[in-house]
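Listed below are the residues making up each chain.
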Amino acid sequence: MRITFAVTLCLLIAFSVFLKFTPKPAKPTLQSQWANNQYLVEKYLRTQSINPVDTLIIGSSLTDRLDFSEKANCVYRLSLSGDSSLTALAVAMKSGKTPKNIWVEINYPERDVNLELIRDATGYSKAIPAFQIENRPLSLALGYLHQAAARFNPPHIIGDAEQQEAKTDTQPTSNINETVRQNAIALQTGIYKGQLQSNILLERMDKYMHFIKELESKGAIVGFFELPIYPNLRELPRAVQVREAFKKYFPQHQLISFADLSNGLTIKTSDGVHLQENEASAVVKNFDFYLPANCNLLR
Amino acid sequence: MNYTDQVFIVFFLVTFSLYYLASNVKQQLLIIILASLFFYAWEAPLLLVIFLCSWVITGVSSWYVLSSANKNKQKLAAFSGVITNLLMLGFFKYKLLFVADYILSHQGTAQSITDWLILAPLPIGISFYTFHGISLLVDIYRGTASVFVNRRPKIVEHLSETLLYLVFFPQLIAGPIIKAKDFYPQVSRKRFGDIDFTSCFRLLILGYFLKSVVADNLSEQTFWIAYPYFQWRSSGDLLMMLYGYSAQIFADFAGYSIIAIGLGKLLGYNLPENFNFPYLSSSISEFWKRWHISLSSWLRDYLYIPLGGNKAGNVRTYINLLVVMVLGGLWHGAALSFLVWGLWHGLGLALERPWINSRIYASNNFAVTFTRVFIVFNFVTIGWLFFKLQDFSQALGFMKTLVHPEAGGILAINNDAAFYILSFSVPVVVYHLFSKFKNSIPRFLKDSMYGVMLFLILTSPGPSKPFIYFQF
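Residues numbered from 1 in each chain as written. Chains lettered and ligands numbered in written order. Predicted model: local features only at pLDDT ≥ 70, side-chain atom pairs only at ≥ 80, totals over all residues. Heavy atoms only, no water.

On to the overall build of chain B, then. In terms of regular secondary structure, chain B is built from 21 helices and zero strands. Relative to the 2.2 N^0.38 estimate, which gives 23 Å for 472 residues, the radius of gyration of chain B is 23 Å and therefore close to what a compact globule would have. By residue count, 55% of the 472 residues in chain B fall in the buried class. For chain B, the share of sequence-separated contacts (at least 6 apart) that also reach a separation of at least 24 residues comes to 78%. Of the roughly 20700 Å² of accessible surface on chain B, 67% is carried by carbon and sulfur atoms. Of the side chains in chain B, 34 bear a positive and 22 a negative charge, and the two mean positions are spaced by 12 Å. (Helix = DSSP H or I, 4+ residues; strand = E, 2+ residues; numbered from the N terminus. Rg over C-alpha atoms; globule rule 2.2 N^0.38 Å. Buried < 20%, exposed > 50% of the residue type's maximum accessible area, 1.4 Å probe, protein only. Contact = heavy atoms within 4.5 Å. Areas by Shrake-Rupley, 256 points an atom, 1.4 Å probe, with all protein chains shown as cover. Lys, Arg positive; Asp, Glu negative; His and termini not counted. Charge placed at Lys NZ, Arg CZ, Asp CG, Glu CD.)

Okay, structure coming up:
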């Protein structure tokens, strides 16, 4: 067993040295939605301890479609696909410095705090680069492959690498087959015709209250937003129930409505709930009104 | 409690320390039983009541078989013990078929014991401890195992050993199913100095590697086999994911079994091998001698042979094969998919049976063997679809999308997903090939390979997911 442990130790040291002295691929290549979520949490916590952002936008895979990279200096999108705003709020509570403004997506309030994700992404080992999610040997290898391939075959492979974070999402963002889209919308219609169990919604609202009070006590201004979904779903029982619950529990807080964010745009979505690329870009433009005008002035 | 949880590591270290500090076998038994009960009650303490009922039924009826001299009374006690165990298993496993609507509309409103029993979830490990109980009753009744011949224990002693046999935590949740005649002789004082730490750590490293690095990472890629997501994928992606799932389910279950065997060894108990490089099988019957060996040998000894096995004529043999495989499928759960999966394998066994003595089966030619391994692997992989998609209509939908995809044909493959699926499946291929060369690999290289696995466990674990077989 001595050889086994010695080999492990040598590999860890060699890998750490490699990470220290070798330039990493320009964009991290992440293996899945789970890895993407972990990456967003790890990166957020590192960012907040070094160079805190002014505005935090949190949500689910719906928010993951929104690209705020133009304001990357002061806006951070903590969108956890397949997960919840509650988890992201719990992460925000863990960060050293609290952002001034926090916008919370309300579309999936029933999802509880994902303690495993928080545990995995916030352990002490995350201070060591060899244990950070974007530095996994296989992900790095794929990143270098992408980089190498990009030199020979720019259009196809670069596309893959650049879209990786978005591609870990549940559904494609463009080129969606119409039959498949209609099937997905029918599925969502079935879901939205129902309502969330009232006891679960009540319990989650209490958690939102708890987290938001804590964050406000640290100086944050918290607001909510409802991302536009397929028009026929907007007034179905589930959507109305969720909207009304937030209005009831947080009457003093600003709620950016789906109407404000879509602003006359026809929303088709890729599956009833996830925006298509062009729709997401339009929504980001409409969101801009609620974000800091000039990031550099905040520095 | 999952073997990959940090809390389990703490639990095991505490149990291990107390176990070897105990000064006699009685204390050791008490410690391991209490620890196992704690382990069982961790997730759902109330389900412990159902487990304890099973223990009392098995313990008392088996003691009665042991202590009675009258063959008819022995038969009655053994029969009633087996039937009661099967009724309990059947009730919890298949009640959803009859009372699903009631359960949905009455959740959290249990007013009586009957209500509670109907609303209770499937007790963890019930499929496994029921089979352990049946094995005990049948082994004692048959009287063929020397350990039970002329055995007249006091009831307290017998009940405590039976409790240990049923609840022993390394194998409690998902096996390997150890037969009573193999377990009871092992109950004795265990000494710290007798532990073979090297082999234990090797087993644990291999098991955790297969589970955390291979299976858990593959699970992220194969997640999209689920409905409705498969509709968005091309044929190429779907095929890739199905093969990925084949590697995942092996790594998950073999990983679990190897960890269980390693933990058992640390506590001084030898649990049976559950896997013997199954994807190298060149026939379906060979596959079932290499895959989930403890279940297939249990089904052979306690079901197939009592039904007549292959000694009662051709027609009866085919019927027996189909019955055993269908029941084996349904043992996994009350879903049409499991029945189809069992039938799939039963038909496979029946179809290959006439060929077993043919020249093709006797051939040692590499190309012939390779082709047979290839066919068996693909046959088994198609069968896994019914495991993954337990709603049969969804499994059919998957196949339909595979043939008529909405999102691209066989060559439209997501490069990144393919890279990860292939990369995380490589260890499964290497593991199988390793069986061919394991005796010729130098020790230094072997130890180094365990070092690499440990490095990957530390740097590349996937999301901690429950073992697939925990649901059964």
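Alright, that's what it looks like, and here's the rest.
Here we come to the domain arrangement of chain B. Residue and element names in this part refer to chain B. According to the domain assignment, chain B consists of domain 1 (6-194) and domain 2 (197-283 + 356-471). The distance between the C-alpha centroids of domain 1 and domain 2 comes to 30 Å. Tallying the contact residues gives 26 residues for domain 1 and 19 residues for domain 2. Between domain 1 and domain 2, the buried area comes to about 1900 Å², and carbon and sulfur atoms account for 71% of it. At the boundary of domain 1 with domain 2, the tally comes to zero salt bridges. Looking at the side of domain 1 that touches domain 2, the elements that each hand over two or more residues are helix 1 (6-21), helix 2 (25-41) and helix 9 (169-172). Here the side of domain 1 that touches domain 2 takes five residues from helix 1, the largest share from any one element. (Domains from an automatic or database assignment. Buried area = accessible area lost by both parts, 1.4 Å probe. Salt bridge = Lys/Arg side-chain N within 4 Å of Asp/Glu carboxyl O.)

We now examine empty space enclosed by the protein. All names here are of chain A. A full pass over the atoms with the stated rule returns three cavities of 30 Å³ or more. Within this model, the second largest cavity holds a volume of roughly 60 Å³. Lining of the second largest cavity is provided by Ile106, Asn107, Tyr192, Glu226, Ile229, Arg238, Ala239, Val242 and Arg243. Counting residues per element, the lining of the second largest cavity draws most heavily on helix 11 (residues 237-249), which supplies four residues. Across the lining of the second largest cavity, the residue classes tally to five nonpolar, one polar and three charged. (1 Å grid on protein atoms, 1.4 Å probe; cavity = no way out; pocket = protein on both sides within 12 Å on 5 of 7 lines; lining within 4 Å. Points joined across faces, edges and corners; volume = space filled by probe spheres on them. Nonpolar A, V, L, I, M, F, W, Y, C, P; charged D, E, K, R; others polar.)

Residues and elements named next belong to chain A. Of all residues in chain A, 91% attain a pLDDT of 70 or more, and the chain-wide mean is 86. Across chain A, element-level confidence peaks in helix 1 (residues 2-21) with a mean pLDDT of 95 and bottoms out in helix 8 (residues 164-167) with 39. Ignoring residues within four places in sequence, the model shows residues 156-170, a span with pLDDT below 50, making 42 contacts including any to other chains. (pLDDT = per-residue confidence, 0-100.)

So, about a nonpolar patch on the surface. Residues Leu9, Ile13, Val17 and Phe21 of chain A make up a contiguous nonpolar surface patch of roughly 440 Å² in combined accessible area. Taking relative accessible area as the criterion, Phe21 of chain A reaches 66% and is therefore assigned exposed. (Patch = residues over 30% accessible without salt bridge, like charges linked within 9 Å, V, L, I, M, F, W, Y side chains within 5 Å.)

The computed volume of the second largest pocket comes to approximately 1200 Å³. Along its surface, the second largest pocket is lined by 38 residues, and Thr4, Gln6, Ile9, Ile457 and Leu458 of chain B are the ones closest to its centre. Mapped onto the lining of the second largest pocket, the elements with two or more residues apiece are helix 2 (33-50) and helix 5 (115-122) of chain A together with helix 1, helix 11 (197-222), helix 12 (235-266) and helix 21 (443-459) of chain B. Broken down by element, the residue count for the lining of the second largest pocket peaks at seven residues, all from helix 11 of chain B. Taken together, the residues of the lining of the second largest pocket break down into 22 nonpolar, ten polar and six charged.

Moving on: the pattern of salt bridges. Residue and element names in this part refer to chain A. Under the counting rule described, the total for this entry stands at 21 salt bridges over all chains. Among the ionic pairs, Arg238 bridges to Glu110, the shortest N-O distance being 2.6 Å. With Arg238 in helix 11 and Glu110 in the loop between strand 3 (101-105) and helix 5, this pair connects stretches of sequence that are 128 residues apart. Given a relative accessible area of 23%, Glu110 falls into the partly exposed group.

Moving on, we get to the pairing of strand 4 (residues 221-225) of chain A. All names here are of chain A. Among the five residues in strand 4, four count as buried, and that is most of the element. Both strand 3 and strand 4 contribute to a ladder of five bridges, which runs parallel. Residue pairing for strand 4: Asn101 is matched across the bridge by Ile221. With helix 11 bridging strand 4 and its parallel neighbour strand 5 (residues 255-256), the resulting β-α-β unit is right-handed. (Pairing = 2+ DSSP bridges. Right-handed = clockwise from strand over helix to strand, strands pointing away.)

What follows concerns the nonpolar core. Judged by nonpolar contacts, the single largest core of 142 residues is most densely connected at Tyr3, Phe8, Phe51, Trp291, Trp384 and Tyr469 of chain B. At 18 residues, helix 12 of chain B tops the list of elements feeding residues into this core. If you count residues domain by domain, this core takes at least three from each of domain 1 (6-194) and domain 2 (197-283 + 356-471) of chain B. When residues no more than four places from it in sequence are discounted, the contact partners of Trp384 of chain B are Tyr245, Ser246, Ile249, Tyr279, Phe287, Trp291 and Trp341 of chain B. Of all hydrophobic cores here, the second largest spans 38 residues; its members include Ala92, Met93, Leu196 and Phe211 of chain A. (Core = buried A, V, L, I, M, F, W, Y, C linked by side-chain atoms within 4.5 Å.)

Attention shifts here to the packing of helix 12 of chain B against helix 20 (residues 415-437) of chain B. Helix-helix packing is described using two parameters, namely the angle between the two axes and the distance between the axes. Residues and elements named next belong to chain B. Between helix 12 and helix 20, the least distance of the axes is 9 Å, while the angle of their chain directions is 45 degrees. In terms of axis orientation, helix 12 runs oblique to helix 20. Crossing angle aside, the handedness with which helix 12 passes helix 20 is left-handed. Across from Met240, Met241, Gly244, Ala247, Phe250, Ala251 and Ile258 in helix 12, the residues of helix 20 making contact are Ala418, Ile421, Ser425, Val428, Tyr431 and His432. (Axes fitted to C-alpha atoms, helices over the stretch in contact; angles between N-to-C directions. Parallel < 35°, antiparallel > 145°, perpendicular 65-115°, else oblique. Left-handed = near helix turned anticlockwise from the far one by under 90°.)

Note: strands within a sheet are paired through backbone hydrogen bonds, in either parallel or antiparallel orientation. Residues and elements named next belong to chain A. With parallel pairing, the five strands of this open sheet are ordered in space as 2-1-3-4-5. Edge positions in the open sheet fall to strand 2 (75-79) and strand 5, since each of these has one partner strand only. Each of strand 1 (55-59), strand 2 and strand 3 touches helix 4 (residues 85-94); the most contacted strand, strand 1, lies at about 145 degrees to it.

Right, let's talk about the environment of Ser423 of chain B for a bit. Residue and element names in this part refer to chain B. Residue placement: Ser423 occurs in helix 20. When the C-alpha positions of Ser423 and Leu218 are compared, they lie 9.4 Å apart, and in sequence the two are 205 residues distant. Of note is the side chain of Ser423, whose polar atom sits 2.6 Å from the backbone oxygen of Phe419. (Polar contact = N/O pair within 3.5 Å; in protein donor to acceptor, adjacent residues only side chain to side chain.)

Of the residues lining the interface, 44 residues belong to chain A; the matching set on chain B comes to 38 residues. Broken down residue by residue, the surface that chain A buries against chain B is led by Met1, Gln31 and Leu138 of chain A, which jointly contribute 18%. Taken together, the connections running from chain A to chain B amount to zero salt bridges. Our count for the contact surface shared by chain A and chain B stands at eleven residue pairs in polar contact (both at pLDDT 80 or more). Taken together, the elements giving at least two residues each to the side of chain A that touches chain B come down to helix 1, helix 2, helix 5, helix 6 (137-152), helix 7 (154-162), helix 8 and helix 9 (178-193) of chain A.

On to the pairing of strand 3 of chain A, then. Remark: a regular strand shows side chains that alternate across the two faces of the sheet. All names here are of chain A. Burial within strand 3 is extensive, with four of its five residues counted as buried. Sheet topology note: the strand 1/strand 3 ladder contains four bridges and is parallel. Each residue of the ladder has a partner; that of Leu56, found in strand 3, is Ile102.

Residue and element names in this part refer to chain A. Topologically, Arg243 is positioned in helix 11. Between the C-alpha atoms of Arg243 and Asp120, which are 123 residues apart in sequence, the distance is 32 Å. Engagement of the side chain of Arg243 in a polar contact is seen with the side chain of Glu226, the distance being 2.8 Å.

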